[in-house]
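Descriptive structure summary
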Amino acid sequence: MNISEQYTISWQAPSNIALIKYWGKHGNQLPNNTSLSITLQKATTTTRLTATPLRVTDSLNNGINVDFKFEGAAQPTFGSRIEKHLASLSRQMPYLKDFKLAVDSSNTFPHSAGIASSASSMAALSLCLTDLQKNITKYNKIENDFFRSASLLARLGSGSASRSVYGGWVTWGKSEHIPGSSDEYASPLEIDKDTLFQDMGVAVMIISSKPKKLSSSIGHKLMEQHPWAQARYLQAEENLGQILKAIKSGDFEEFSRITENEALSLHSLLMTSSPEGLLMKPASLKIIEEVRHFRKNMGIPVCFTMDAGPNVLLIYPKSYKTQVTDFIQSEIVHHCENGKWIDDQIGGGPMKII
Ligand code: DP6
């Protein structure tokens, strides 16, 4: 172990969008059902971690010494979440308290875009931490274990972040449908090379750029008292089995049915929680109707999903990009806030910068 050196590490990690939703958790950030996501390409966070060894006398305070900056400025809300997260890692990384840590983060997407930034930022930080761990403990396991360790650390910071350490299609949570799956970390899902689902487009329709009213942690907590909770976890497992079959057989209609059912189930759970979360807006419903109408009448494979907020995301095979972009321009953008939307796609996963 060498904690006398200064380490500077930087990783870029993408956000992701879940199709089978993680909603409800227990224990130390363990999911109540398995989720499935697509990793985005353009919506990313870059984080630089500088770890400077403290002098012996400084390190006796036993606390975490971290200075967090977002796009060059202090950001107390996320800063204190990061500090808490780092303090909770004392079992995995006892030497963290022997360093002065500086974390500098920036996003490629606006904070107000309605894309979950906790997934990309916790993933980027966890990749930096795993790299630090690798340097300090000189462990040299196979590459796969590096990302698995990073996914586990990311999960402890934010559940959906566990999926952002991999590109493409990713699952998180133990399921009978996925051999070797675990609640502790995410795993990449292999998709046949020649299927419709290999290369996906993701278009984010911005209905409201105001930060969402309900934080995910509060939302997950609401599931503890929700009268439909057990039925929801069974539904998610069944939907997972069916969506995996639809992906394998190239059945976009069935894929759409399940993806849309998951988005609407999440919002149904939100609306029937106590206190309730009515996050859908009239414009969200308009877009949902337009997408269904377009798919049915034009036969173009495009469906929608939503996060715990009003924005609607269009999911489609990238080979239909021209048709879907024309449809967005003519039928959808006027429902968006100031005509704003983000043109993203499935991405290859995180990248090491330094
Ligand atoms: C609706 O991962 O943000 O986006 O673990 O409390 O940080 P925490 O929750 P978070 O929840 C994400 C919820 C979701 C669905 C999903 O991404 O699977």
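For the structure, check the block above.
Note on numbering: residues in each chain are counted from 1, in written sequence order. Per-residue local features of the predicted model are confined to residues with pLDDT of at least 70, and side-chain atom pairs are confined, for both listing and counting, to 80 or more; whole-chain, interface and lining totals are unaffected and use all residues. Excluded from the side-chain calculation are hydrogens and water; included are all heavy atoms of the structure.

Section: helix 7 (residues 282-298)
Given 3.6 residues per turn, any residue in an α-helix points the same way as the ones three and four places further on. In plain terms, the rule: Numbering of helices and strands runs from the N terminus; a helix is a DSSP stretch of H or I covering at least four residues, while a strand is a stretch of E covering at least two. Here the expected length of a helix is defined as 1.5 Å per residue gap, with one fewer gap than residues. Between buried and exposed lies partly exposed: a residue is buried under 20% and exposed over 50% of the maximum accessible area for its type, with that area taken using a 1.4 Å probe on protein chains only. Throughout, the arc means the angular range of directions from the helix axis out to the C-beta atoms. Note on definitions: a residue-residue contact is assigned when non-hydrogen atoms from the two residues lie within 4.5 Å.
Between its terminal C-alpha atoms helix 7 stretches 24 Å, which fits the 24 Å expected from 17 residues at 1.5 Å a residue. For helix 7, every residue scored as buried is listed here: Ala 283, Ser 284, Ile 287, Ile 288, Val 291, Phe 294 and Arg 295. What you see down the axis of helix 7 is that its buried residues fit within an arc of 145 degrees, all on one side. Along helix 7, the residues that are exposed and aim more than 90 degrees away from the buried face are Pro 282, Glu 289 and Lys 296. Check the buried side of helix 7 and you find it contacts strand 10 (200-205), helix 6 (252-271), strand 11 (303-306), strand 12 (312-317) and helix 8 (321-332).

Topic: the site of the ligand
So the rule is basically this: Being near a molecule or strand, for a residue, comes down to having at least one heavy atom within 4 Å of it. Between N or O atoms, a polar contact is any pair within 3.5 Å; within protein, one atom must be a potential hydrogen donor and the other a potential acceptor, and residues adjacent in sequence are included only when both atoms are from side chains. To be clear on the numbers: accessible area is Shrake-Rupley with a 1.4 Å probe, and residue cover counts the displayed protein chains and nothing else.
Near the ligand, the surroundings consist of 17 residues, among which Tyr 22, Ser 158, Gly 159, Ser 160 and Arg 163 are the closest. In this structure, an oxygen atom belonging to the ligand sits 2.7 Å away from a side-chain N or O atom of Tyr 22. Side-chain polar atom of Arg 163 to an oxygen atom of the ligand: 2.7 Å apart, as the coordinates give it. Protein chains shield 95% of the accessible area of the ligand, which is 460 Å² for the free molecule. Here the shell around the ligand takes 3 residues from helix 4 (residues 216-222), the largest share from any one element.

Comments concerning the nonpolar core
The criterion, for reference: Among the buried residues, those of types Ala, Val, Leu, Ile, Met, Phe, Trp, Tyr and Cys that are joined through side-chain atoms within 4.5 Å form a nonpolar core.
Membership of the largest hydrophobic core comes to 42 residues, with the highest contact counts inside it found for Leu 86, Leu 96, Leu 129 and Leu 132. For this core, the secondary structure elements donating two or more residues are strand 1 (7-20), strand 4 (35-53), strand 5 (65-70), helix 1 (76-88), strand 7 (99-107), helix 2 (117-137), helix 3 (143-157) and strand 8 (169-172). By residue number, the principal contributor to this core is helix 2, which donates 9 residues. Apart from the residues lying within four places of it in its own chain, the contact partners of Leu 132 are Tyr 7, Ile 9, Leu 49, Ala 51, Met 93 and Leu 96.

Here's the deal with the pattern of salt bridges
Put simply, the rule reads: When a carboxyl oxygen of Asp or Glu lies within 4 Å of a side-chain nitrogen of Lys or Arg, that pair is called a salt bridge.
The tally for this structure, following the rule as stated, stands at 14 salt bridges. Across the pair Asp 67 and Lys 69 runs a salt bridge whose closest N-O atoms are separated by 3.2 Å. A relative accessible area of 27% means that Lys 69 is categorised as partly exposed. Note that Arg 257 is salt-bridged to Glu 254, the shortest N-O span being 3.0 Å. Of the two residues, Arg 257 and Glu 254 are both situated in helix 6; the distance of 3 residues between them amounts to about one turn of the helix. For Arg 257, a relative accessible area of 41% gives the class partly exposed. We classify Glu 254 as partly exposed; its relative accessible area is 24%. Beyond isolated ion pairs, a larger network of salt bridges with shared partners links Glu 253, Glu 260, Arg 292 and Arg 295.

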